[in-house]
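Here is how the chains run, residue by residue.
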Amino acid sequence: MAPVSAFIDSNFHGGAITVVSTDDVRALELRLRPDNASEFAQWFYFRVHAPRGVEQVLHIRGVETAAFPKGWPDYRACVSADGEDWRRTETSFDGSTLTIRHTPTTDVTAYAYFAPYSAEDTQRLIGRAARDPRVSVDILGMSLENAPIHRLVVKDPTNKGGRPPLWLVSRQHPGETMSGFFLEGFLGRLLDPTDSAARALLAAVDVHIVPDINPDGSRRGNLRTNFAGANLNREWDRATPEYAPEVLAVRTALEATGASQLLDLHGDEALPYVHFIPADMPAPLLERRAKFEGALLVASSDFQTEHSSTLGGPNNPRLLSHWATRNLDCLALTLEQPFKDNALRPDPIYGWSPARARRLGVDMISACYVDLVK
Ligand SMILES: [Zn+2]
């Protein structure tokens, strides 16, 4: 067969790939493009322009040096014709090359490590929520590249108590885009006036949400770092204005309000399970954690407590959740959603997906309600 050439575009929000050869769409040669100022590489997002109906075979070379090599076995890449419906496609890993195969029915096909969540998506999330009179939006500080770090504050007039708020922080690791979809589900239910658990929760605490603490990393298609190469979730006890102003901005706000509970939203490249990372905490908080996890087990059949990563060690104050446990005396948890799939309940078409992340966000309200109200 005569070669069919392709054009590959990654010059857009969140785009990331290094193109080596596009001479033949059946043998595209690619490499991962690392974060702009660090060695971390794993995230990819690009569009292939080539005639429909011709199988596309993409070889991404050298992926054994990625940030999480264990992320490749059993991984299946995400493809989309319209940027809305992201399905998994045939993907194999031979120890150094990730090979992705897909026969498109359209002339432009997007490929991504996970369904992307752009700055526009974040602005739509904020804008939809802000139509509710109980929601206000402020700016906690600026990123290194001068993008605002937004905070949504949900404050219901029925909350007359003085308890510190429930906090959620998203996108410390900008490539972990499932957190954006999670927040859509969480906020949708939180603001639903017919949902009695959400109403009871808002009568007990205000809710503060940082939908994207790392807007520069998100725009640049970084996996784990900000513009200066900082892994924000290793900066909570040592952030400086030069290296991690994003952490300083949110930390200052957190210290001003305190927190009743804090959820730090992440994705796990390797482990195919929804889980919270382990943490040392005083006995009363461990009791709350057990109650919280018990409630989430009932609310969400995607959640489990048998499998978890040991990211950052059992107690590392550079991590937001561990820092918050120590300094704010609140139940602080790092939520991990899978990039691959939930091995307990695999979905052959979508894997772990935006829809399932949204659903987890919906179900999380039940666990917050049990911890903070019941
Ligand atoms: Zn993470």
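Positions within a chain are numbered from 1, following the residues in the order the chain's sequence is written. With pLDDT at 70 or above as the cut-off, local features in this predicted model cover only qualifying residues; side-chain atom pairs require 80 or more to be listed or tallied, and sums for whole chains, interfaces and linings still use all residues. Side-chain numbers come from the whole structure's heavy atoms, not from hydrogens or water.

A. Representation of the packing of aromatic side chains within the structure. Within 6.5 Å between ring centres, the rings of Phe, Tyr and Trp (the latter by its six-membered ring) count as paired, and their orientation is classed by plane angle as stacked under 30 degrees, edge-to-face over 60, tilted in between. Evaluated as defined, the whole model comprises 17 aromatic pairs. Ring geometry for Tyr45 and Trp86: centres 6.1 Å apart, planes at 70°, overall edge-to-face. Taken together, the residues span a long stretch of sequence, with Tyr45 in strand 4 (residues 45-49) and Trp86 in the loop between strand 6 (78-80) and strand 7 (87-88) at a distance of 41 residues. The exposure class of Trp86 is buried, given its relative accessible area of 6%. A centroid spacing of 5.8 Å and a plane angle of 80° characterise the contact between Trp72 and Tyr75, whose relative ring orientation is edge-to-face. Each of the two residues, Trp72 as well as Tyr75, counts as buried. An aromatic cluster of three or more residues is present, and its members are Phe12, Trp43, Phe44, Tyr45, Phe46, Trp72, Tyr75, Trp86, Tyr111, Tyr113, Phe114 and Phe339. A cation over a ring is seen here: Arg47 above Phe12, with NZ or CZ 4.0 Å from the ring centre. Secondary structure counts use DSSP, requiring at least four H or I residues in a row for a helix and at least two E residues in a row for a strand, with both numbered from the N terminus. Here's how the labels work: a residue is buried when its accessible area is under 20% of the maximum for its type, exposed when over 50%, partly exposed in between, all with a 1.4 Å probe on protein chains only. By definition here, charges over rings are those cases where NZ of Lys or CZ of Arg is within 6 Å of the ring centre and within 35 degrees of the ring normal.

B. Up close: the pairing of strand 5 (residues 56-61). Burial analysis of strand 5 places 5 of its 6 residues in the buried class, which makes it a mostly covered element. A pair of strands is treated as paired once DSSP finds two or more bridges between them. Pairing of strand 5 with strand 9 (residues 97-102) involves 6 bridges; the strand directions are antiparallel. Looking at strand 9, one finds that Gln56 is bridged to His102.

C. The coordination of the zinc ion, seen in detail. Atoms are scored as donors when they are N, O or S and lie within 2.8 Å of the metal, with 3.2 Å used for Na, K and Ca; no water is included, so coordination may look incomplete. The protein atoms donating to the zinc ion are His173 (ND1), Glu176 (OE), Glu176 (OE) and His266 (ND1), with metal-donor distances spanning 2.0 to 2.5 Å. Donor angles set the geometry label: tetrahedral for four donors if every angle is between 85 and 135 degrees, square planar for four and octahedral for six if opposite donors exceed 155 degrees and the others are between 65 and 115, irregular for anything else. With 4 donor atoms in place around the zinc ion and angles of 56 to 148° between them, the coordination shape is irregular. Sequence positions of the donors to the zinc ion reduce to the motif H-x2-E-x89-H. The pair His173 / Glu176 is uniform in exposure class, with both members buried.

D. Focus on the nonpolar core. Among the nonpolar cores identified, the biggest contains 83 residues, and Phe44, Leu168, Phe186 and Met364 are the most heavily contacted of them. Ranked by residue count, the leading element in this core is helix 8 (residues 354-372), at 8 residues. Here this core spans two domains, since at least three of its residues come from each of domain 1 (7-112) and domain 2 (119-372). Discounting residues that sit within four places of it in the chain, Met364 has contacts with Phe182, Phe186, Leu263, Phe276, Phe292, Leu296 and Leu335. In this description, a nonpolar core means a group of buried Ala, Val, Leu, Ile, Met, Phe, Trp, Tyr and Cys residues linked to one another through side-chain atoms lying within 4.5 Å. Ile149, Trp167, Ala244 and Ala332 belong to the second-largest nonpolar core, a separate cluster that totals 24 residues. Segment limits for the domains were obtained from an automatic or database-derived domain assignment. Contact between two residues is taken to exist if any of their heavy atoms lie within 4.5 Å; hydrogens are not considered.

E. Layout of the packing of helix 3 (residues 196-204) against helix 8. One way to put it is that helix 3 packs onto helix 8 with a least axis distance of 9 Å and a crossing angle of 45°. In terms of orientation, helix 3 and helix 8 fall into the oblique class. Note that helix 3 runs across helix 8; the crossing there is left-handed. Contacts between helix 3 and helix 8 involve Ala197, Ala198, Ala200, Leu201 and Ala204 from the first element and Ile365, Cys368, Tyr369 and Leu372 from the second. Charged residues are taken to be Asp, Glu, Lys and Arg, nonpolar residues to be Ala, Val, Leu, Ile, Met, Phe, Trp, Tyr, Cys and Pro, and polar residues to be all remaining types, Gly included. Considered class by class, the residues forming the contact of helix 3 with helix 8 number 9 nonpolar, no polar and no charged. All axes are obtained by fitting lines to C-alpha atoms, using only the stretch in contact for helices, and the reported angles, taken between N-to-C directions, cover 0 to 180 degrees. Small angles under 35 degrees read as roughly parallel and large ones over 145 as roughly antiparallel, with 65 to 115 read as roughly perpendicular and the rest as oblique. By convention, the crossing between two helices is left-handed when the near helix turns anticlockwise from the far helix through less than a right angle, and right-handed when the turn is clockwise.

F. Main features of the pattern of salt bridges. Any carboxyl oxygen of Asp or Glu within 4 Å of a side-chain nitrogen of Lys or Arg constitutes a salt bridge here. Taken as a whole, this structure holds 25 salt bridges when the rule is applied. Between Asp107 and Arg52 there is a salt bridge whose closest N-O contact spans 3.1 Å. Placement of Asp107 in the loop between strand 9 and strand 10 (108-112) and of Arg52 in the loop between strand 4 and strand 5 is noted, with a sequence separation of 55 residues between them. Looking at Asp107, the relative accessible area reads 33%, which means it is partly exposed. According to the relative accessible area criterion, Arg52 is exposed, its value standing at 51%. With a shortest N-O distance of 3.2 Å, Glu293 and Arg289 are connected by a salt bridge. Residue Glu293 and its partner Arg289 are located together in helix 6 (residues 283-299), separated by 4 residues, close to a single helical turn. With relative accessibility at 14%, the residue Glu293 sits in the buried group. By relative accessible area, Arg289 is classed as buried at 10%. Linked by salt bridges that have partners in common, Glu55, Glu90 and Arg101 make up one network.

G. Region of the structure containing the side chain of Asp363. Mapped onto the fold, Asp363 is located in helix 8. Not counting residues up to four positions away in its chain, the partners in contact with Asp363 are Arg189, Leu296, Ala299 and Ser300.

H. Region of the structure containing the domain arrangement of the chain. Partitioning the chain into structural domains gives domain 1 (7-112) and domain 2 (119-372). If you average the C-alpha positions of domain 1 and of domain 2, the two centres end up 28 Å apart. Contacts between domain 1 and domain 2 engage 25 residues on the former and 26 residues on the latter. Buried area counts how much accessible surface, traced with a 1.4 Å probe, disappears from two parts once they are put together, with both parts' losses summed. When domain 1 packs against domain 2, close to 2100 Å² is buried across both sides, 53% of that on carbon and sulfur atoms.

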